[in-house]
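# An overview of the molecular structure
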Amino acid sequence: MIYSHEVEKMCPVAATGGQHGAAPIPEEGKWVKAKEIKDISGLTHGIGWCAPQQGTCKLTLNVKEGIIQEALVETVGCSGMTHSAAMASEILPGRTLLEALNTDLVCDAINTAMRELFLQIVYGRTQSAFSEDGLPVGAGLEDLGKGLRSQVGTMYGTLAKGPRYLEMTDGYVTGIALNEDDEIIGYQFVNFGKMMDFIKAGDDANTAFEKAKGQYGRVADAVKIIDPRNE
């Protein structure tokens with residue numbers, strides 16, 4: 001340890017009063033005075049964005065005793081991000097929280113999400129802060145539902161031609177139902193998660209496609225139904 005000349009000349013003074021140590025933070029139903037990475041546990045979500053703000057990442061981590069046990073990486077807006085997400089899913093599990101913060105996760109949006117999650121977790125702002133023993137490994141998948149697909153909404157609109165619903169949580173939108181005033185009153189969709197389950201169960205593609213169809217709203221009352229991608 002090297003001290004400057006000015007510090008070397010100072011006389012020692014004992015610290016008093018404020019030596020209370022780390023403030024306790026809530027972790028998995030306990031109050032913990034975190035002093036080391038291994039003192040940190042919790043499950044939480046966070047989002048990140050790249051420098052040109054072309055894409056974003058939602059990252060979910062389940063940390064137990066400082067080590068990432070589970071990672072869910074969801075990206076939108078950039079084709080390259082999907083490959084980066086694949087790499088991040090291999091990189092993150094097994095790393096300490098500090099290692100993950102200082103690891104290149106390939107995509108700037110994923111790196112930013114990791115930074116935001118780090119801040120949440122080390123300050124005790126996790127989703128499982130007051131859940132006794134936290135959440136089990138596998139809880140991250142619950143956000144995806146039975147089809148294990150991200151909750152995606154894709155909409156497009158112009159002043160000249162109005163809105164187009166392209167994808168909902170329900171599924172890929174195949175038709176938009178309009179009334180006599182050309183107002184949207186419902187939509188038709190295909191749930192790709194269910195469709196793939198039907199195919200894996202032995203249905204041919206056409207049968208699975210039909211079985212995975214659904215609709216929302218007053219589709220039966222529609223004056224016309226348009227294809228949101230071609231009309």
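Note: the structure precedes this text.
Treat the numbers as computed from the prediction; the structure is a model and nothing was measured.

Scoring rules and cut-offs
Residues numbered from 1 in each chain as written. Predicted model: local features only at pLDDT ≥ 70, side-chain atom pairs only at ≥ 80, totals over all residues. Heavy atoms only, no water. Pairing = 2+ DSSP bridges. Helix = DSSP H or I, 4+ residues; strand = E, 2+ residues; numbered from the N terminus. Axes fitted to C-alpha atoms, helices over the stretch in contact; angles between N-to-C directions. Contact = heavy atoms within 4.5 Å. Buried < 20%, exposed > 50% of the residue type's maximum accessible area, 1.4 Å probe, protein only.

What follows is about the sheet that holds strand β3 (residues 42-49). Pairing between sheet strands relies on hydrogen bonds along the backbone, with the strands arranged either parallel or antiparallel. With antiparallel pairing, 3 strands are arranged side by side in an open sheet as β3-β4-β5. Looking along the sheet, the strands with just one partner apiece sit at the ends: β3 and β5 (67-76). For this sheet the average axis-to-axis angle between neighbouring strands, irrespective of direction, equals 15 degrees. Two strands pair when backbone bridges link them, and strand β4 (residues 56-64) and β5 are joined in this way by 9 bridges, in the antiparallel orientation. Across the sheet, Lys 64 pairs through a bridge with Ile 67, a residue of β5. Its contacts with the sheet place helix α4 (residues 108-122) against β3, β4 and β5, and it is angled at close to 140 degrees to β3.

This next bit is on unusual backbone geometry. The phi dihedral of Glu 65 falls on the positive side, at around 50 degrees, and the residue is not glycine. Of the residues examined, Glu 65 reaches a relative accessible area of 61% and is grouped as exposed. Within the chain, Val 106 stands out as a residue other than glycine whose phi angle is a positive 75 degrees. The exposure class assigned to Val 106 is partly exposed, which follows from its relative accessible area of 39%.

Where burial is concerned, most of strand β8 (residues 172-178) is hidden: 5 out of the 7 residues are buried. Here β8 runs beside strand β9 (residues 184-190); their pairing, made up of 6 bridges, is antiparallel. If you follow Val 173 over to β9, its bridge partner there is Phe 189. Linking β8 to β9, which pair antiparallel, is a turn of 5 residues; within it Asp 182 sits at a positive phi near 60 degrees. Both β8 and strand β11 (residues 224-226) contribute to a ladder of 3 bridges, which runs antiparallel. Each residue of the ladder has a partner; that of Ile 176, found in β11, is Ile 226.

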